[in-house]
Amino acid sequence: MLEAINRAWRIVATGFCFSVFGLGGIVLGIVVCPVAMLFVRGAARQQQLSQTIIHHCFRGFVGLMNWVGVISYEVHGAERLQRRGLLILANHPSLIDVVFLISFVRHADCIVKAALARNPFTRGPIRAAGFITNGDGAGLLEDCVRSLKDGNNLIIFPEGTRTPVQGANRLQRGAAHVAVRGRIDITPVHIHSSLPMLTKGTPWWKVPVRKPHFTIEVRPDIAVEEFCDSAASDSLAARHVTEHLSVQLFKGPASAST
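Since we're looking at a predicted model, the values are computed, not measured.

**Q** What is the right way to look at the overall build of the protein in this model?
**A** For the protein, the count of helices and strands is eight helices and seven strands. For a compact globule of 258 residues, the expected C-alpha radius of gyration is about 18 Å, and the protein comes in at 18 Å, within 12% of that figure. Dimensions along the principal axes, computed over C-alpha positions, put the protein at roughly 60 × 45 × 30 Å. Counting over 258 residues, the protein shows a buried share of 47%. For the protein, the proportion of contacts with a sequence separation of at least 24, taken over those separated by at least 6, is 77%. Accessible surface, the protein: about 12,800 Å² in total, of which carbon and sulfur atoms supply 58%. In the protein, which carries 27 positive and 18 negative side-chain charges, the distance between the mean positions of the two groups comes to 9 Å.

Set out below in structure tokens:
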């Protein structure tokens, strides 16, 4: 009986959180970010201010989800994210993965679907922060490298879509090509949920039988230069980086003390 009541509460709380997220996106896009821009000159500084605002809003949203009992979470190795110019590559088990990562990372940039840049709930913050859209075509790789060189922390999910509950997606090589082209080390992040939540193809109201616990583990950097030096071409280096990354992103948490 108590378990049924708890699950019913989490359905209501999840719906509430989704509503807060959607309304928050609209308010950020049409009120908060435009007003903040009035006090800052220069496109680059305006984007950095928008990224900072989004970072703090997402941090508050993660705290809200934890407070109302939708999820619980822990982070290991968070100090590794307190740097600039990071290429952060993560697995993607849940819809809220990017919210988690941006809440932990300041000066965050990310690749978003072009459809989100047109969505009324998300387009305002996305444009204000200067996030990269995957509809940029041939210039996408250069945009990613440029963002990193500018000191942003670029978040990419190499799977391209959420991880299926059974099995794993094959990693796309685009993220590895960014690392190889820019000669930028990779900061891998493994995200694990004790129970599937907001997985691909699952509606938001189908919550797990118990509150899921998320473990986010920031693992040691992967030195990309070694792969570049040992490969005959950048394409081959990117392939080897992708193969190595597949192990780093999908193996379970190393230890609770990482």
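Now that the structure has been shown, the text picks up again.
**Q** How should I be thinking about the packing of helix H2 (residues 43-67) against helix H3 (residues 97-104) in this particular structure?
**A** Pairs of packed helices are described in terms of their axes, by the angle between the two and the distance that separates them. The N-to-C vectors of H2 and H3 enclose an angle of 120 degrees; their axes lie 7 Å apart at closest approach. As judged from the angle between their axes, H2 and H3 are oblique. The two elements H2 and H3 meet at a crossing, and its hand is left-handed. Contacts from Ile54, His55, Phe58, Arg59, Phe61 and Val62 in H2 reach Val98, Val99, Phe100, Ile102, Ser103 and Phe104 in H3. Broken down by class, the residue content of the contact of H2 with H3 amounts to nine nonpolar, two polar and one charged.

**Q** Would you mind showing me how to read the pattern of salt bridges here?
**A** Where charged atoms of side chains with opposite charge meet at close range, the side chains can pair. Here the structure, examined in full by the defined rule, presents seven salt bridges. With a closest N to O distance of 3.5 Å, arginine 183 and aspartate 234 form a salt bridge. With arginine 183 in the loop between helix H6 (174-182) and strand S6 (186-193) and aspartate 234 in helix H8 (residues 234-250), this pair connects stretches of sequence that are 51 residues apart.

**Q** When you look at helix H1 (residues 2-37) in this model, what are you seeing that I'm missing?
**A** Helical geometry: 3.6 residues make up each α-helical turn, so side chains three or four residues apart lie on a common side. The first and last C-alpha atoms of H1 sit 48 Å apart over 36 residues, in line with the 52 Å expected at 1.5 Å per residue. Along its length, H1 shows its largest kink, about 50 degrees, at leucine 28. When H1 is considered as a whole, its buried residues turn out to be Arg10, Ala13, Thr14, Gly15, Cys17, Gly22, Gly25, Leu28, Cys33, Ala36 and Met37. Contacts from the buried residues of H1 go to H2 and helix H4 (123-129).

**Q** Would you explain the pairing of strand S7 (residues 213-218) in this entry?
**A** Of all six residues that make up S7, five are buried, and the element is covered over most of its length. Bridge count between strand S1 (residues 72-76) and S7: five bridges; the pairing is parallel. What sits directly across from histidine 76, in S7, is glutamate 217.

**Q** Could you clarify how one ought to interpret the packing of aromatic side chains in this entry?
**A** Geometry of an aromatic ring pair is reported as the spacing of the ring centres plus the angle between the planes. Counted under the stated rule, the structure contains seven aromatic pairs. Ring geometry for tyrosine 73 and phenylalanine 104: centres 6.2 Å apart, planes at 40 degrees, overall tilted. Of this pair, tyrosine 73 sits in strand S1 while phenylalanine 104 sits in helix H3, and the two are 31 residues apart along the sequence. By relative accessible area, tyrosine 73 is classed as partly exposed at 30%. Chaining the aromatic ring pairs together yields one cluster made of Tyr73, Phe100, Phe104 and Phe214.

**Q** Which parts of the structure should I look at to understand the sheet that holds strand S5 (residues 153-156)?
**A** Reading across from one edge, S1-S7-S6-S2-S5-S3-S4 is the order of the seven strands in this open sheet, with mixed pairing throughout. With partners counted over all chains shown, the strands left at the sheet margins are S1 and strand S4 (132-133), one partner each. Lying over the sheet, H6 contacts strand S2 (87-90), S5 and S6, oriented at roughly 160 degrees with respect to S2.

**Q** Would you mind showing me how to read the environment of leucine 148 here?
**A** If you trace the backbone, leucine 148 turns up in helix H5 (residues 140-149). Taking relative accessible area as the criterion, leucine 148 reaches 5% and is therefore assigned buried. Sequence separation between leucine 148 and valine 189 is 41 residues; the distance between their C-alpha atoms is 17 Å. Among all residues touching leucine 148, those that are not within four sequence positions of it are Gly85, Leu86, Leu87, Leu154, Val178 and Ile184.

**Q** Would you mind showing me how to read the state of the cysteines here?
**A** Such a bond, covalent and formed between the sulfur atoms of two cysteines, is termed a disulfide. In total, this model carries zero disulfides according to the counting rule given. Just so you know, cysteine 33 is unpaired, no disulfide at all, and the nearest cysteine sulfur is the one on cysteine 57, 7.7 Å from it. We note that cysteine 228 lacks a disulfide partner, and the nearest cysteine sulfur, in cysteine 144, lies 16 Å from it. Under the relative-accessibility criterion, cysteine 228 is labelled buried at 10%.

Conventions adopted
Residues numbered from 1 in each chain as written. Predicted model: local features only at pLDDT ≥ 70, side-chain atom pairs only at ≥ 80, totals over all residues. Heavy atoms only, no water. Helix = DSSP H or I, 4+ residues; strand = E, 2+ residues; numbered from the N terminus. Rg over C-alpha atoms; globule rule 2.2 N^0.38 Å. Buried < 20%, exposed > 50% of the residue type's maximum accessible area, 1.4 Å probe, protein only. Contact = heavy atoms within 4.5 Å. Areas by Shrake-Rupley, 256 points an atom, 1.4 Å probe, with all protein chains shown as cover. Lys, Arg positive; Asp, Glu negative; His and termini not counted. Charge placed at Lys NZ, Arg CZ, Asp CG, Glu CD. Axes fitted to C-alpha atoms, helices over the stretch in contact; angles between N-to-C directions. Parallel < 35°, antiparallel > 145°, perpendicular 65-115°, else oblique. Left-handed = near helix turned anticlockwise from the far one by under 90°. Nonpolar A, V, L, I, M, F, W, Y, C, P; charged D, E, K, R; others polar. Salt bridge = Lys/Arg side-chain N within 4 Å of Asp/Glu carboxyl O. Expected span 1.5 Å × (residues − 1). Bend = angle between axes of the 7 residues up to and from the residue. Pairing = 2+ DSSP bridges. Phe/Tyr/Trp six-rings, centres within 6.5 Å; stacked < 30°, edge-to-face > 60°. Disulfide = S-S within 2.5 Å.

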